[in-house]
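Letter by letter, the chains look like this.
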Amino acid sequence: MANPAAPLKTPTDIKTNAAKTVAEALNGILADSFAIYLKTKNFHWHVSGPHFHDYHLLLDAQAAQIFATTDAIAERVRKTGNTTLRSIGDIARHQTIKDNDADFVSAADMLAELRDDNLKLVETLRETKEIVDNAKDNATSGMLDDWTDQAEERAWFLFEASRNA
């Protein structure tokens, strides 16, 4: 019987150093995903103006898509034999996406900021793809392709929606 107090030791065939590097990169993506998720929900709650309804629905749909990736990201970290983020403070220590605590942000600025955040996430996903490919982590590599496509699509929708914002 396993000792319940023993450290988590998920079996993996990824070499220890490579798995740790993959986990660090994924935890960064997870932190940034939570940061973009919360900012998207913030903007969803506070958007105003003539396109309110359309933007409100767009931001809600994008937030749901982002949130749906968080569990898969965290589970990939665990499947590589590592641990994932544990708290809001842990997220804050790992995120590179900046928060927006402004009392008011125009709809046009909301869309532009989220577009740029999603494009920054795309850059990070592409950098992480190299790391996981070097580690021969095929499963994570394939997932990164999907997450990259989703973030690119969000950026595209935000760009198109903001052209007349």
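In what follows, the structure referred to is the one given above.
None of these values were measured; they are calculated from a predicted model. (Residues numbered from 1 in each chain as written. Predicted model: local features only at pLDDT ≥ 70, side-chain atom pairs only at ≥ 80, totals over all residues. Heavy atoms only, no water.)

(A) Representation of the layout of surface pockets in the model. What the largest pocket holds in volume is close to 280 Å³. If you go around the largest pocket, you meet 14 residues; those closest to its centre are F34, A35, L38, Q95 and D99. Looking at the lining of the largest pocket, the elements that each hand over two or more residues are α1 (16–46) and α3 (88–94). Taken together, the residues that form the lining of the largest pocket break down as 8 nonpolar, 3 polar and 3 charged. (1 Å grid on protein atoms, 1.4 Å probe; cavity = no way out; pocket = protein on both sides within 12 Å on 5 of 7 lines; lining within 4 Å. Points joined across faces, edges and corners; volume = space filled by probe spheres on them. Helix = DSSP H or I, 4+ residues; strand = E, 2+ residues; numbered from the N terminus. Nonpolar A, V, L, I, M, F, W, Y, C, P; charged D, E, K, R; others polar.)

(B) Up close: empty space enclosed by the protein. A full pass over the atoms with the stated rule returns 1 cavity of 30 Å³ or more. As for the largest cavity, its lining consists of I29, S33, I66, T69, I73, L121, L125, W147, Q150 and R154. Looking at the lining of the largest cavity, the elements that each hand over two or more residues are α1, α2 (52–79), α4 (107–134) and α5 (138–162). When grouped by side-chain class, the residues that make up the lining of the largest cavity number 6 nonpolar, 3 polar and 1 charged.

(C) Quick look at the nonpolar core. Counting residues in each nonpolar core, the largest one holds 23 residues, and the members touching the most others are L26, I29, I73, L121, L125, L144 and W147. Looking at this core, the element that brings in the most residues is α1, giving 8 residues. Apart from residues lying up to four places away in sequence, L121 is in contact with I29, D32, S33, I36, A151 and R154. Counting 11 residues, the second largest nonpolar core, distinct from the first, contains Y55, L111, L114 and L158. (Core = buried A, V, L, I, M, F, W, Y, C linked by side-chain atoms within 4.5 Å. Buried < 20%, exposed > 50% of the residue type's maximum accessible area, 1.4 Å probe, protein only. Contact = heavy atoms within 4.5 Å.)

(D) Representation of α4. Its 28 residues place the ends of α4 41 Å apart at the C-alpha level, agreeing with the 40 Å of an ideal helix rising 1.5 Å per residue. All of the buried residues in α4 are A107, M110, L111, L114, D117, N118, L121, V122, T124, L125, T128 and V132. (Expected span 1.5 Å × (residues − 1).)

(E) Inspection of the packing of α4 against α5 at higher detail. Contact geometry of α4 with α5 gives a least axis separation of 8 Å together with a crossing angle of 160°. It follows that α4 is roughly antiparallel to α5 by the angle criterion. Handedness of the crossing formed by α4 with α5: left-handed. Partitioned by chemical class, the residues of the contact of α4 with α5 number 14 nonpolar, 6 polar and 7 charged. (Axes fitted to C-alpha atoms, helices over the stretch in contact; angles between N-to-C directions. Parallel < 35°, antiparallel > 145°, perpendicular 65-115°, else oblique. Left-handed = near helix turned anticlockwise from the far one by under 90°.)

(F) View of the packing of α2 against α5. Contact geometry for α2 and α5: axes closest at 11 Å, N-to-C directions at 165°. Judged on the interaxial angle alone, α5 and α2 are roughly antiparallel. Considering how the two elements wind past one another, α2 and α5 form a crossing that is left-handed. For the pair α2 and α5, contact is made by Y55, L58, L59, Q62, Q65, I66, T69, A72, I73 and R76 and by A139, T140, M143, W147, Q150, E153, R154, F157, L158 and A161, respectively. Looking at the contact of α2 with α5 residue by residue, the classes come out as 12 nonpolar, 5 polar and 3 charged.

By themselves, these figures tell us nothing about what the structure is for.
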